[in-house]
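Okay, here's what each chain looks like letter by letter:
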Amino acid sequence: MPVAPPPAKSLPLGALRAFEAAARLGGFKAAALELGVSPGAVTAHIKTLEAELGAPLFERTARGVQLTALGAGAAPGFIAAFDALAQAAASLRAQAAPQVVHIATLPAIAQLWLSPRLPVLRAAAPEIAVSITALEAPPNLKRAPFDLSLFPSERGGILVAEDMIFPVCTPALAARLMRPEDLGSVACLSDASWQDDWPRWLRAAGVDLPLRGPVYSLYALAVEEAVNGAGVLMGHGPLVAGHLARGTLVAPFALRVPLAAGLRLWSARPMVRGGAVARVAAFLASPPG
């Protein structure tokens, strides 16, 4: 009877994924962070792949790793292949749940800008479910399972809101602030990610003033503390607009400093006219009603 030859042994998919990520991101630690594993696991995968091939893909140095000629030659093909795989998976997910829209954004934008708009969106399109994931940095939309990404940026995507900075505080505290120099007598609240906000605004105001006050790792918490009367916060226009409209916060000074980076919206793939992603994007890009 005929004997079938043994099937060709495939290279391990997990090891190929680790190689692609390390080659694209330039190191094992960055690859581990993206893949959600330890650097040791990435190292083990790479060693397994190199053993299968009988040739090194990376050169190890005291300063890190760099691709060998073999690795550099292979990387573009694997990057394109995993990009295509991720896009195919995203397309499959979208077709399986066409009325679910996944959005990635900063925690502060999620809480202060996006969340207040969701009730209106639900009322207008109750058949669409919006899922929000808070991230500290924009995701790679070729790989991450998101339909839309909403982050501050100077260019690209769809501009949904201009940004500007200016001090905000409670009306009671504002009554004590006649001129910018008076800020030296109150607590000035800062966000850890936007610590250049105060120096930028003070330069525009022509004031050289040492400030004191707590620093918060969450901007939404800093906003709540400003509402509670803890001090003066450097407000970002789109993020404090709701409090200004309600009167819980006021701007004690007229000077507003525009920022080059506005809130911008990106789509992971071309939007289908009339589809859920396109409808959500159009809603977010429209002025609040």
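Residues numbered from 1 in each chain as written. Predicted model: local features only at pLDDT ≥ 70, side-chain atom pairs only at ≥ 80, totals over all residues. Heavy atoms only, no water.

1. Some points on the overall build of the protein chain
Then, in step 1: A tally of helices and strands in the protein chain yields 11 helices and 12 strands.
Then, in step 2: Its C-alpha radius of gyration of 25 Å places the protein chain more than 25% over the 19 Å reference for a compact globule of 289 residues.
Then, in step 3: Taken along the three principal axes of its C-alpha coordinates, the protein chain extends 95 × 50 × 30 Å.
Then, in step 4: Out of the 289 residues belonging to the protein chain, those deemed buried represent 39%.
Then, in step 5: Within the protein chain, residue pairs in contact and separated by at least 24 positions form 75% of the contacts whose partners lie at least 6 positions apart.
Then, in step 6: Averaged over its 24 positive side-chain charges, the protein chain has a centre that lies 4 Å from the centre of its 20 negative ones. (Helix = DSSP H or I, 4+ residues; strand = E, 2+ residues; numbered from the N terminus. Rg over C-alpha atoms; globule rule 2.2 N^0.38 Å. Buried < 20%, exposed > 50% of the residue type's maximum accessible area, 1.4 Å probe, protein only. Contact = heavy atoms within 4.5 Å. Lys, Arg positive; Asp, Glu negative; His and termini not counted. Charge placed at Lys NZ, Arg CZ, Asp CG, Glu CD.)

2. Description of the nonpolar core
Then, in step 1: Counting 59 residues, the largest nonpolar core has Trp-113, Leu-183 and Trp-201 as the members making the most contacts within it.
Then, in step 2: Discounting chain neighbours no more than four positions away, the residues touching Trp-113 are Ala-108, Leu-150, Val-160, Ala-161, Pro-238, Leu-239, Leu-263 and Leu-284.
Then, in step 3: Grouped together as the second largest cluster of nonpolar side chains are 17 residues, Ala-21, Ala-31, Ile-46 and Leu-49 included. (Core = buried A, V, L, I, M, F, W, Y, C linked by side-chain atoms within 4.5 Å.)

3. With respect to the sheet that holds strand 10 (residues 232-236)
Then, in step 1: One open sheet accounts for 5 strands, arranged 9-8-10-7-11; its pairing is mixed. The sheet terminates laterally at strand 9 (215-216) and strand 11 (257-258), the two strands that pair on one side only.
Then, in step 2: With 2 bridges joining them, strand 8 (residues 188-191) and strand 9 adopt parallel strand pairing. In the strand pairing of strand 9, Asp-191 is matched with Tyr-216. (Pairing = 2+ DSSP bridges.)

4. As for the side chain of Asp-197
Then, in step 1: By the secondary structure assignment, Asp-197 is in helix 8 (residues 197-205).
Then, in step 2: Although buried, Asp-197 forms no salt bridge, and the nearest oppositely charged side chain, Arg-200, lies 4.8 Å from it.
Then, in step 3: If near-sequence neighbours (up to four positions away) are discounted, Asp-197 is found in contact with Ile-165, Met-234 and His-236. (Salt bridge = Lys/Arg side-chain N within 4 Å of Asp/Glu carboxyl O.)

5. So, the packing of helix 9 (residues 219-227) against helix 10 (residues 237-246)
Then, in step 1: Between helix 9 and helix 10, whose axes approach to 12 Å, the crossing angle comes to 30°. If you check the angle between helix 9 and helix 10, you find them roughly parallel. The hand of the helix 9/helix 10 crossing is right-handed. The segment helix 9 lies against helix 10, with Tyr-219, Val-223, Glu-224 and Val-227 engaging Leu-239, Val-240 and His-243.
Then, in step 2: When the residues that make up the contact of helix 9 with helix 10 are grouped by side-chain class, the tally is 5 nonpolar, 1 polar and 1 charged. (Axes fitted to C-alpha atoms, helices over the stretch in contact; angles between N-to-C directions. Parallel < 35°, antiparallel > 145°, perpendicular 65-115°, else oblique. Left-handed = near helix turned anticlockwise from the far one by under 90°. Nonpolar A, V, L, I, M, F, W, Y, C, P; charged D, E, K, R; others polar.)

6. Some details on helix 1 (residues 13-25)
Side chains that are three or four residues apart share a direction in an α-helix, a result of its 3.6 residues per turn.
Then, in step 1: Its 13 residues place the ends of helix 1 18 Å apart at the C-alpha level, agreeing with the 18 Å of an ideal helix rising 1.5 Å per residue.
Then, in step 2: Considered for burial, the residues of helix 1 that qualify are Ala-15, Leu-16, Ala-18, Phe-19, Glu-20, Ala-21, Ala-22 and Ala-23.
Then, in step 3: Packing partners of the buried residues in helix 1 comprise helix 2 (28-35), helix 3 (39-53), strand 1 (58-61), strand 2 (64-67) and helix 4 (69-96).
Then, in step 4: Gly-26 sits one or two positions beyond helix 1 and adopts a positive phi of about 85°. (Expected span 1.5 Å × (residues − 1).)

7. Remarks on a nonpolar patch on the surface
Then, in step 1: On the surface, Leu-11, Leu-53 and Leu-70 cluster together into a nonpolar patch covering about 240 Å² of accessible area.
Then, in step 2: Of note, Leu-11 is situated in the segment before helix 1. (Patch = residues over 30% accessible without salt bridge, like charges linked within 9 Å, V, L, I, M, F, W, Y side chains within 5 Å. Areas by Shrake-Rupley, 256 points an atom, 1.4 Å probe, with all protein chains shown as cover.)

8. Structural notes on the state of the cysteines
Then, in step 1: Counted under the stated rule, the structure contains 0 disulfides.
Then, in step 2: Take Cys-169: it sits in no disulfide, and the sulfur closest to it among the cysteines is that of Cys-188, at 9.6 Å.
Then, in step 3: With a relative accessible area of 0%, Cys-169 lands in the buried category. (Disulfide = S-S within 2.5 Å.)

9. What to know about the packing of aromatic side chains
Ring pairs (aromatic) are described by centroid distance and by the angle formed between their planes.
Then, in step 1: Applying the stated rule across the entire model yields 5 aromatic pairs.
Then, in step 2: Between Phe-19 and Phe-78, the aromatic rings sit 5.9 Å apart at their centres with planes inclined by 90°, giving edge-to-face as the arrangement. Of this pair, Phe-19 sits in helix 1 while Phe-78 is found in helix 4, placing the two residues 59 residues apart along the sequence.
Then, in step 3: With a relative accessible area of 1%, Phe-19 lands in the buried category.
Then, in step 4: On the numbers, 5.2 Å between centres and 85° between planes, the contact of Phe-28 with Phe-58 is edge-to-face. Within this pair, whereas Phe-28 is found in helix 2, its partner Phe-58 is found in strand 1, the two being separated by 30 residues in sequence.
Then, in step 5: Residue class for Phe-58 comes out buried when judged on its relative accessible area of 4%.
Then, in step 6: Looking at Arg-117, its charged tip hangs above the ring of Trp-113, at a distance of 3.9 Å from the centre.
Then, in step 7: Above the face of the Phe-166 ring, Arg-256 is positioned so that its terminal group lies 3.9 Å from the ring centre. (Phe/Tyr/Trp six-rings, centres within 6.5 Å; stacked < 30°, edge-to-face > 60°. Lys NZ or Arg CZ within 6 Å of the ring centre and 35° of its normal.)

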